[in-house]
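Examining the three-dimensional arrangement
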Amino acid sequence: MRRLGWLAVPLGATMAFLYLPMLVLVVMSFNASGTPYTWTGFTLGWYGELAGNAQILVGLVNTLIVATGATAGSVVLGTLLAIGLDRYVRRSILDALAIGPAIAPDIVMAIGLLALFATLGMTLGLHSVLLAHIVFGTALVAAVVKARLGHTDPSLEEASRDLGATATETFFRITVPTLAPAIVAGALLVFTLSMDEFVIAFFTNGPSTPTLPIVIYSMVRFGVTPEINALATILLLLTFTIVIAAQRLTGLGGSAE
Amino acid sequence: MTPGPVAPARGAPRRRGLTERVIFLGPGLLYLVVFFLVPLAIIAGISFLERGRFGGIVFAPTLDNFARALDPIYLRVLTSSIGLALVTTILALFLGYLTAWGIARLPRRWRTIALILVVLPFWTNFLIRTYAWIVILNSQGPLNGALVGLGVIAQPLELLYTPGAVVAGLLYAYLPLMILPLYAAIERLDPELREAAANLGATPIRVFLTITLPQTLPGVIIGSIFVFVPSLGNFIVPELLGGGKLIMVGNLIRDQFLKARDWPFGSVLALAVIAALAVLLVVQAQVSRRTATTTAPGA
């Protein structure tokens, strides 16, 4: 193994760059003064204020509804799509369609979906955000499951069919259990992404059902709000837990395709 | 029982019933066509239509929206956004390359941990990450406090609401997307090629330019696309860290759709972002094909 040498400097700089801003927010969330400028003592008060903030609670409930629905929809559509592409399709154009929503800039998807909903004469609300989030969710689940399919042995399914199991039995007793870690990892990632997604929700949401990121946006636009620090700390903790769980399930450090 | 079934099963023809195909592929493809392809088609279509007097769309074909994008006012927005996105990409490339190289030199166990650490911020709330920079860059914030405290500067600097703040925010947002493909490219490098070149007398710079860089070029381009394109379409960072003084293409698109209600012109601007993405993807495909052929084993 070659040694790290002077490369420790840029590596350390990147880690500091990525984590110091978050650390500042976490420290500030316990600061009694509520400002990032002076430390006036330890408090849990901002977390109390946060729990009493009706706007944030409404946003949180809306976000959880969308994230749960988007995860369920994406898991079903994405898993079936990944298996279908793996088994039957040798055409890269369909692979491109399946990965497209994961690559397309969010603002383009956002205005496209807004235009679609307007064309259909749909009213906007949580249901339209949900439909929109299933688009990138499906692409994400399909990508994660497809990566796993590359490492599975098709002879298990064939053996099951040869031994007399029906296609449905084989799917639920062989295929799904084999893919379970990838499906769960994909679900966790969609849930996280949907919970944090702002741009598409901003365009496809109605005025009366803000999701949590939209509430945060309206708060940070007016500068530094101490409760945001507390909220940030909770969200960071939640996201880190979910993403690390997903990483453990797929057994990769993010280097896989 | 003999452990027989595996071998004949693999040779047996697969059951590829039409019903199964429809069940597996149908729902997902249908969904993506309706909610991904159709919206893109609508955007492309709208861009050729006229804007109605009260914000709607009039079905009268026109190219005026494209001509308007070349108006000096909008052209300046386009060029300044491309400039900011480019500066962000170059900084990300520089820092990302060295970081990815450093990660590739860590012991295997630590490599995984370092990669997870790089990815984690990317999954956290984007608004929170941007908000952190409002806190940090504030004239009374920790960065100014540290600089004054260390005696580097006498007076707090106006860091917030500057182009530099926008670049910092974009770099913070997208640096992980640069590091991952670079790491994937660097990890695949064959160290013996570099050693051979060095043994034959090539200077480290020459080794880098003639061997390492060409072989990692696909990673460089993918990382650059992942940083450049979303930077171009971002409207949150320019608004929150640029203080509204800096308008990027993303802000312009947002305003055409939600404020000015000029959807046709907004669609043209969105098409410009898609066009940039498409051009870069084609370049990437070309380069990775060339790299694959020149570095194929035995070639």
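Residues numbered from 1 in each chain as written. Chains lettered and ligands numbered in written order. Predicted model: local features only at pLDDT ≥ 70, side-chain atom pairs only at ≥ 80, totals over all residues.

Examining the overall build of chain A
Helix and strand counts for chain A stand at 11 helices and zero strands. Secondary structure elements of chain A, listed N to C terminal, follow the sequence α-α-α-α-α-α-α-α-α-α-α. For the C-alpha atoms alone, the extent of chain A along its principal axes is close to 70 × 60 × 30 Å. In chain A, the proportion of contacts linking residues at least 24 apart, taken out of those at least 6 apart, comes to 79%. (Helix = DSSP H or I, 4+ residues; strand = E, 2+ residues; numbered from the N terminus. Contact = placed C-beta atoms within 7 Å.)

Things to note about the interface of chain A and chain B
How large an interface is tends to be reported as the accessible area lost when its parts come together. Facing the 72 residues of chain A at the interface are 75 residues of chain B. Take the side of chain A that touches chain B: its biggest share by element is 11 residues, from helix α1 (residues 8-28) of chain A. Its residues assigned to classes, the side of chain A that touches chain B shows 53 nonpolar, 14 polar and five charged. (Nonpolar A, V, L, I, M, F, W, Y, C, P; charged D, E, K, R; others polar.)

Notes on unusual backbone geometry
The backbone phi angle of Y161 of chain B is positive, close to 60 degrees, even though this residue is not glycine. Of note, Y161 of chain B is situated in the loop between α7 (142-149) and α8 (163-187).

What about the confidence of the model for chain B?
Residues and elements named next belong to chain B. Overall, the prediction assigns chain B a mean pLDDT of 83, with 91% of residues at 70 or greater. The low-confidence segment residues 1-14 (pLDDT under 50) makes 11 contacts with residues lying over four places distant or belonging to another chain. Both scores are available for the predicted complex, with the pTM at 0.85 and the ipTM at 0.85. (pLDDT = per-residue confidence, 0-100.)

Considering the environment of L281 of chain B
Its place among the elements puts L281 of chain B in helix α13 (residues 263-294). Between the C-alpha atoms of L281 of chain B and R51 of chain B, which are 230 residues apart in sequence, the distance is 32 Å.

Some words on helix α8 (residues 167-196) of chain A
The end-to-end C-alpha distance of α8 of chain A, which contains 30 residues, comes to just 38 Å, noticeably less than the 44 Å that a straight helix rising 1.5 Å per residue would cover. Within α8 of chain A, the axis deviates most sharply at A180 of chain A, by approximately 60 degrees, and proline P181 of chain A lies no more than four positions further along. (Expected span 1.5 Å × (residues − 1). Bend = angle between axes of the 7 residues up to and from the residue.)

With respect to the nonpolar core
Nonpolar side chains in soluble globular proteins tend to end up buried together. Counting 157 residues, the largest nonpolar core has I111 and L113 of chain A together with Y174 of chain B as its most contacted members. Apart from the residues lying within four places of it in its own chain, the contact partners of I111 of chain A are F203 of chain A together with I43, I253, F257, G266 and A270 of chain B. (Core = buried A, V, L, I, M, F, W, Y, C linked by C-beta atoms within 7 Å. Buried ≥ 20, exposed ≤ 12 C-beta atoms within 10 Å, placed from the backbone.)

Here we look at the confidence of the model for chain A
In the predicted model, chain A carries a mean pLDDT of 85, and the fraction of residues at 70 or more is 95%. By mean pLDDT, the top-scoring element of chain A is helix α9 (residues 199-204) of chain A (93), and the lowest-scoring one is helix α4 (residues 92-103) of chain A (83).

A few points about the environment of T216 of chain B
All names here are of chain B. Along the chain, the position of T216 falls in helix α10 (residues 204-233). When the 25 C-beta atoms within 10 Å are taken as the criterion, T216 is described as buried. In the structure, T216 is positioned 34 residues away from L182 in sequence and 7.1 Å away in space, judged by C-alpha atoms. When near neighbours in sequence (up to four residues on either side) are disregarded, T216 contacts L182, A185, I186 and L189.

Regarding the packing of helix α5 (residues 106-119) of chain A against helix α2 (residues 18-46) of chain B
Two elements in contact, α5 of chain A and α2 of chain B, have axes whose closest approach is 8 Å; the angle formed by their N-to-C orientations is 85 degrees. In this view, α5 of chain A runs roughly perpendicular relative to α2 of chain B, as classed from their interaxial angle. Taking contact as the criterion, the partners of M109, I111, G112, L113, A115, L116 and T119 of chain A in α5 of chain A are, on α2 of chain B, F35, V38, P39, L40, I42, I43 and I46 of chain B. When the residues that make up the contact of α5 of chain A with α2 of chain B are grouped by side-chain class, the tally is 12 nonpolar, two polar and no charged. (Axes fitted to C-alpha atoms, helices over the stretch in contact; angles between N-to-C directions. Parallel < 35°, antiparallel > 145°, perpendicular 65-115°, else oblique.)

Let's talk about the packing of helix α11 (residues 226-250) of chain A against helix α5 (residues 108-123) of chain B
Where α11 of chain A meets α5 of chain B, the axes come as close as 10 Å, and the angle between the chain directions of the two elements is 130 degrees. One element, α11 of chain A, and the other, α5 of chain B, form an angle in the oblique class. The handedness of the crossing between α11 of chain A and α5 of chain B comes out as right-handed. Residues T239, F240, V243, I244 and Q247 of chain A of α11 of chain A form the contact with α5 of chain B, whose participating residues are I116, L120 and W123 of chain B. Tallied by class, residues from the contact of α11 of chain A with α5 of chain B come to six nonpolar, two polar and no charged. (Left-handed = near helix turned anticlockwise from the far one by under 90°.)

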